Structures are given as C-alpha cells and as structure tokens.
Amino acid sequence: MNRAVIFSVAALAFLLVQAKPAGAAPPKHPAATPSLAQQPAAGDSDKTLAAMQDELDRSRQRLELKIPGTGEPARPYYIQYRILDLNVRTIVAEFGALISSTSGRNRIMSVDVRVGDYNLDSSNFITDEGFSGFLGSTGTVGIDRDYDSLRQDLWLASDQAFKAAVENLSKKQAFVSRLAKAPSIPDYSPASPTVAVEPLREPDWTSRNWEQEAKSVSAALRAFPQLHSSRVAYHLIYTTSYLLNSEGTKIRANHSLAAVEASLETESDDGMPLHNFFAVYRSRPDQLPAADAVRKDLELAGEQLITLRVSPPAPNYDGPVFFEPPAAGSLLAQMLGTSMSGARGPLATQSGFEQLMERLGGRSEWTGKLGTRVLPANVSIVDDPTVKQFGGQDLLGTYAVDEEGVKAERVQVIDNGILRDLLMSRRPGPDLMHSNGHGRAAYLADARPLISNLFFSSTAAESPTDLKKKFLDTCKQNGNKWCLLVRAMDNPVLGVREQDDLSEMVMGAASGAATGDRLPLLVYRVNVDDGTESLVRGARLAGLTLRAIRNIAGVGSDATPFNFTQSQRAGFSGTALAAFGSADSGVPATVIAPSLLFDDVEVHGARGEPERLPLVPPPPMN
C-alpha cells in the first residue's frame, strides 16, 4: 500500500472517530456542581437553554424503539445537546492589497444520543463500512435564538440520532460477541453535573481598523521580490457554546480567539521549495500586537526566508542538537500530545486500524505505565487549564469547564520523572476511568483529551548561557567542527498554501510520525570554535520519540510560552500531526518550555527532486 493510500485511509478512519453515536434514564448523580453564574439573569432574552431543556425532557421520556425478536424496547440512557454560536471575522491581504474581508454569524448543533449503558453503548465503534453513526445529528440552526425553530431542529436530529444509535449498538454487540475476549473498558464515564451559565457577551471587534492593518502589515513583504507568494490573515473569532445533558449539566460559556497568521513562499536557485510563516495568537482581538510590531515580525520572517533561499542544503548529521524555547515548545507539543491522553481508542472491525494509528503517531507510549519512570528524574510536567498567565503573558489554553461539561482540573502528569496521571475526557482508558476536565474539541467535534497549558520543568535547569556552553563543549568532545541549533519548528498548515505541496509534506510527516520524524523550519550550523551561526535548508530530524527525552542532556531555565492550536482535522486529530493546527480549525493551547539539549539526534539532509524555476522574473513591486 503506497503512502497516499495509507494517508487517505487514515484520514477516513479519524474522520469516523470524531463523529459520535448514540444512547434510558441515567443513574442518579450528585447534585449539580455550581460554577460561575447559576441561571440566566432576569431579563435574559436568550431562550436557547430553555428550548434545549424542553426538547431533551421530551426525548428522554418518549424516545423508544421496539426491536424485533427482543422482549424489551430500546431507550436512550444518555442524551447530550450542544449548540455553538459563531461570530467570525476574517481579513486577508497580500503584498498590501486587500484580498477578502468577511464577517459571518452561524449556529451549529450536535446531538449525541446513546443507547445501552455506560459499560457498553452505541459509541466508539468503527465498522467495515466506516463509522456507523447517525445522519442529521449535526447541522446549522437559526441564528436568531428562536425557541420554536430550535426545538424543531433538535427534535428531528434526536429522532435520527436515536434510530441510528439503536442500529449501531446492535452491530457493535454482534461484533463483541465474536471476540474471544470482550473489551473490559467502559465506553463512557459518569460525571457530576455542572451548572455554569455566563451572561451573554456580544463580539467586540475593538475600534481598530483591521482591514487597514492587514493591508499595512502585508505591504512590508513587498520589499522581498523573491517571494513567489505571501498571505496575511487576521482571524477574529467569538463563540457562545451551550451544553445540556440528561445528567443535569447546563452550560453557557463565552470564548474568543484572535490570531494573525502569515505564510511566505519562495524557491532556492536550485529549485527547492521553501517557506516560512508567522503566527501570533491571543485570547481577545484587543490583545493582538499593534500593526508596527506585526510588520517588524513579518519583515524578520521575510529576511529569514531570503537568507534560507541562498543557504546551503543541510548535510546528513548525527550529534548534539540545541532547541531554543519556541522550537522546544513546538517539539514537545508533537512528542507529548498523544501519550498524555489516557482515553482508549474506538473499537474497530478493521484488523489494521490500530497499526494505522500507530503509523501516524497515534499510539500512546505511556499506556500501562502509571507509577513508573518515563522521563529523567529531574523532569516534571503539569497540565493546568486553570492558570491564566505566565510571566505576565495570558495563556491560550485557559478554560473553566471542558467541552463535556466537566470542570477543568490541574493534572500532575509527571512528577520527578514518574508518570502519575494522564489527561482524561469522559472516555475511559486502560489506566483511568474518569474525566479530569480535559475533554476538548473545536467546532463541536468529538471531545478528546488534549493539552491545555502544559508546563515542562526540571530541577536541574541551567541558565541559557551555561546550557549553550554545554552544547558547544559536547560538540567539541565529539570531535565536531560544527553542530546544529533549531530556532523554529515547522507548521506546514500555516506555511504552505498550495494543496499539492501541503499534501506531500503532510504525507511525509505522517509516514515518519511513529518513528519520531520531525520537521524543523530554521536550522543553523553553529561553529564550535567561535559560536557563529549560519542557516541551512532542507533538514529533517529523526528518532525524536519520547525515549529521546529520557536521555535528554540538558534543560534550560528560560521557560517561554509557545501558543498554538491543536488540529481537529480528519487524519490529524489524535496523532502527532495534531500540532499542525490553525486558528480557523484548532483548539487553543500553550506549551511553556525552556531550551532543550539532545546529545544525539539523527538529521537527514535535503532530498527530493528540485522543480524548474519560473521562466520569467517577478514583476517589480514599486
């Protein structure tokens, strides 16, 4: 099977995993846990929660389907409604020209009806035909918060979801009955209800002229005629999310995300495609840096790319590699994300599904290892969505309640090298049964355990100066005249615009994800005698799995927040590729990481056939 086929199958498989099937009266739970505001304030005209509650009560009481050949009718044991109210503004500019400026409001719903019980239900199952879930359970609803219209939409979706859930459970039970050993891990875990109803917040785009800013900052790239293309996009996103379930959870929460994402592309004189990108993420539009600051960062990105264009190809290399904080944060996001999840994967009739997940870097290396040493004794990892700032900077992964209505919790994943806990959603796993408030998703996708604010620290941290000296000394001891430093890791989703080029890069990354292949962006050769640096192009890192961190040579004391979005795209979510996200389709997160020194990394030099350069020089930009 070639790589393209492998990746297309993977994309389909993970698309199926993200959807959700279905589910009579749930068991009794503790009283609802108050969080934030309790109920809509007097005078609140939003009838969304009322419509959801009334339709949920009706579905809970009346949904029933008689199964031929059985003595008892099927009823849902769990029902969940989610509504997402989206206000999105996107401004795109290229070389000082405004390409598009769009504003839109949309409302989408997701209905989850589960049949069976918490141990075995209609969810988490992939058949030979693909996902045997339901049709019509997701879609758009009226944006005017009309009570009657919303109930109509929820009624139809609940009916279709329930019927498909009954069918899916029947297929799942038949499949389980054929197994020599039936799964012992429950499909879903109960959770204490949470009531958190925030006041409605309307979008605030601030008084800044976003279109003018986009034109102004993108015009800075006119100074680089060697660029074949560039794109600067401002994303301003406001959401109001609603969640109601049959356990008693009731949530209305406001969220916002603001981002500037820019891509720059060119080719070297020998035909190697090259790119760079710039991305800045903030929780609110008014927190975005001013246009002058963005312009300077774009100019720096342009200078880096032009320097990269005339730099020599990277040679093959095996030895010490130094990662500066932003690169270390991106690297850890790729290396740690999958293994920090404690949820089990779906049950699948395809015999090769688990192998496919592993090939894409979707297998946890920490399953079954609670209480054992998995990292150096001086390293600790904490994931804490309740922390709001670090070093005076707002953190992107902060939230109070997750997408499944569970209150966010601080999780000490690693304590002095020992694996103590994992990130959990309401899907149990081999080691842990209950959620710790890390079930996260974008745009009503299936919630899964994801990083929020991840803190990587060491009791043996060294100053950046001492760690850099240690790096050069290690190089000299190995007999190297030069070693490699990584200043930035790549994100092809942001840096590459042509779909063919992006698909090729992603397929390449996917094929090596399980063995620790990583894509650096800015790699420098460092002369061990005088410390001078020079860019090289086309490098690719190999073997950077979690085992590499167990033998890490040094950790700096210069912890720096790295903001990014975790992709929810089919084929990306749940794998090492999830770090390749963008503002319009990702889950916000922050990795707070210091400089890292690895004493033995294999680096592959530039490879592949170059393309022919353009026959006509670029037009003047003046």
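Description of the structure in this document.

Quick notes on the rules
- Residues numbered from 1 in each chain as written.
- Predicted model: local features only at pLDDT ≥ 70, side-chain atom pairs only at ≥ 80, totals over all residues.
- Heavy atoms only, no water.
- Pairing = 2+ DSSP bridges.
- Helix = DSSP H or I, 4+ residues; strand = E, 2+ residues; numbered from the N terminus.
- Phe/Tyr/Trp six-rings, centres within 6.5 Å; stacked < 30°, edge-to-face > 60°.
- Buried < 20%, exposed > 50% of the residue type's maximum accessible area, 1.4 Å probe, protein only.
- Lys NZ or Arg CZ within 6 Å of the ring centre and 35° of its normal.
- Arc of directions from axis to C-beta.
- Contact = heavy atoms within 4.5 Å.
- Disulfide = S-S within 2.5 Å.
- Polar contact = N/O pair within 3.5 Å; in protein donor to acceptor, adjacent residues only side chain to side chain.
- Salt bridge = Lys/Arg side-chain N within 4 Å of Asp/Glu carboxyl O.
- Core = buried A, V, L, I, M, F, W, Y, C linked by side-chain atoms within 4.5 Å.

Some points on the sheet that holds strand β17 (residues 418-419)
Now for step 1: An order of β17-β16-β13-β20-β27-β26 is seen for the six strands of this open sheet, with the pairing classed as mixed. Either end of the sheet is taken by a strand with one partner, and the two such strands are β17 and β26 (560-567).
Now for step 2: The sheet contact formed by strand β13 (residues 379-383) and strand β20 (residues 453-458) spans five bridges and is antiparallel. What sits directly across from Ile-381, in β20, is Phe-456.

Focus: the packing of aromatic side chains
Now for step 1: Evaluated as defined, the whole model comprises twelve aromatic pairs.
Now for step 2: When the centroid spacing of 5.5 Å and the interplanar angle of 80° are considered together, the rings of Phe-323 and Phe-598 count as edge-to-face. Residue Phe-323 is located in strand β11 (residues 317-323), and its partner Phe-598 is located in strand β28 (residues 596-604); the two are separated by 275 residues in the primary sequence. Each member of the pair, Phe-323 together with Phe-598, is buried.
Now for step 3: Between Phe-562 and Phe-564, the ring centres sit 5.5 Å apart and the planes meet at 15°, which makes this aromatic pair stacked. In this pair, the class of Phe-562 matches that of Phe-564, namely buried.
Now for step 4: By way of ring pairs, the aromatic residues Tyr-77, Tyr-78, Tyr-118 and Tyr-188 are connected into one cluster.
Now for step 5: Directly above the aromatic system of Tyr-188 lies the positively charged group of Arg-114, at a separation of 3.9 Å from the ring centroid.

Brief notes about helix α4 (residues 210-219)
Now for step 1: Those residues of α4 lying buried are Trp-210, Glu-213, Ala-214, Val-217 and Ser-218. All buried residues of α4 project into a common sector of 120° when viewed along the axis, lining one side.
Now for step 2: At its buried positions, α4 is contacted by β2 (76-94), β3 (97-115), β8 (229-245) and α5 (291-309).

Here we look at the state of the cysteines
Now for step 1: By the definition in use, this model includes one disulfide.
Now for step 2: In this model, Cys-475 is linked to Cys-483 through a disulfide, with the two sulfur atoms separated by 2.0 Å. Taking the sign of the torsion about the S-S bond as the criterion, the disulfide between Cys-475 and Cys-483, at about -140°, is left-handed.
Now for step 3: Cys-483 sits in the buried class, given a relative accessible area of 0%.

Overview of the side chain of Arg-107
Now for step 1: Turning to its location among the elements, Arg-107 is positioned in strand β3.
Now for step 2: Looking at Arg-107, its side chain comes within polar contact range of the side chain of Asp-85, at 3.1 Å.
Now for step 3: Not counting the four nearest positions on each side in its chain, Arg-107 is found in contact with Thr-48, Ile-83, Leu-84, Asp-85, Gly-139, Thr-140, Val-141, Gly-142, Ile-143, Arg-145 and Tyr-242.

Description of the pairing of strand β27 (residues 586-593)
Now for step 1: Most of β27 is tucked away, with eight of its eight residues classed as buried.
Now for step 2: When β20 meets β27, the two strands line up parallel, connected through three bridges. Paired with Phe-455 across the bridge in β27 is Ile-592.
Now for step 3: When β26 meets β27, the two strands line up antiparallel, connected through eight bridges. Each bridged residue has a counterpart across the sheet, and for Ser-567 the counterpart in β27 is Gly-586.

Here we look at the pattern of salt bridges
Now for step 1: Taken as a whole, this structure holds 29 salt bridges when the rule is applied.
Now for step 2: Its salt-bridge partner being Lys-171, residue Glu-167 comes within 3.4 Å of it at the nearest N-O pair. Taken as a pair, Glu-167 and Lys-171 lie in helix α3 (residues 147-177) at a separation of four residues, close to a single helical turn.
Now for step 3: Linking Asp-446 and Arg-427 is a salt bridge whose minimum nitrogen-to-oxygen distance equals 2.8 Å. Taken together, the residues Asp-446 in the loop between β18 (439-440) and β19 (448-449) and Arg-427 in the loop between β17 and β18 connect sequence positions 19 residues apart.
Now for step 4: Beyond isolated ion pairs, a larger network of salt bridges with shared partners links Asp-46, Asp-85, Arg-105, Arg-107, Arg-145 and Arg-252.

What to know about unusual backbone geometry
Residues apart from glycine generally show negative phi values, whereas peptide bonds are mostly found in trans.
Now for step 1: A positive phi angle is found at Asn-416, which is not glycine, with a value near 50°.
Now for step 2: Its location among the elements puts Asn-416 in the loop between β16 (411-415) and β17.
Now for step 3: Take Asn-416: its relative accessible area is 37%, and that puts it in the partly exposed class.

Regarding the nonpolar core
Now for step 1: With 100 residues, the main nonpolar core has Tyr-234, Phe-323, Trp-366 and Phe-598 as its most contacted residues.
Now for step 2: Apart from residues no more than four positions distant in its own chain, Trp-366 is found in contact with Leu-336, Ser-339, Met-340, Val-374, Leu-375, Val-413, Ile-414, Leu-419, Leu-422, Asp-431 and Leu-546.
Now for step 3: The next biggest cluster of nonpolar side chains, apart from the first, holds 26 residues, and it includes Ala-51, Val-111, Leu-150 and Leu-154.

Re the side chain of Asp-85
Now for step 1: As for its position among the elements, Asp-85 is in strand β2.
Now for step 2: At 2.7 Å, the side chain of Asp-85 and the side chain of Arg-105 are in polar contact.
Now for step 3: With near-sequence residues (within four places) excluded, Asp-85 lies in contact with Arg-105, Asn-106, Arg-107, Arg-145, Tyr-238, Thr-239, Thr-240 and Tyr-242.

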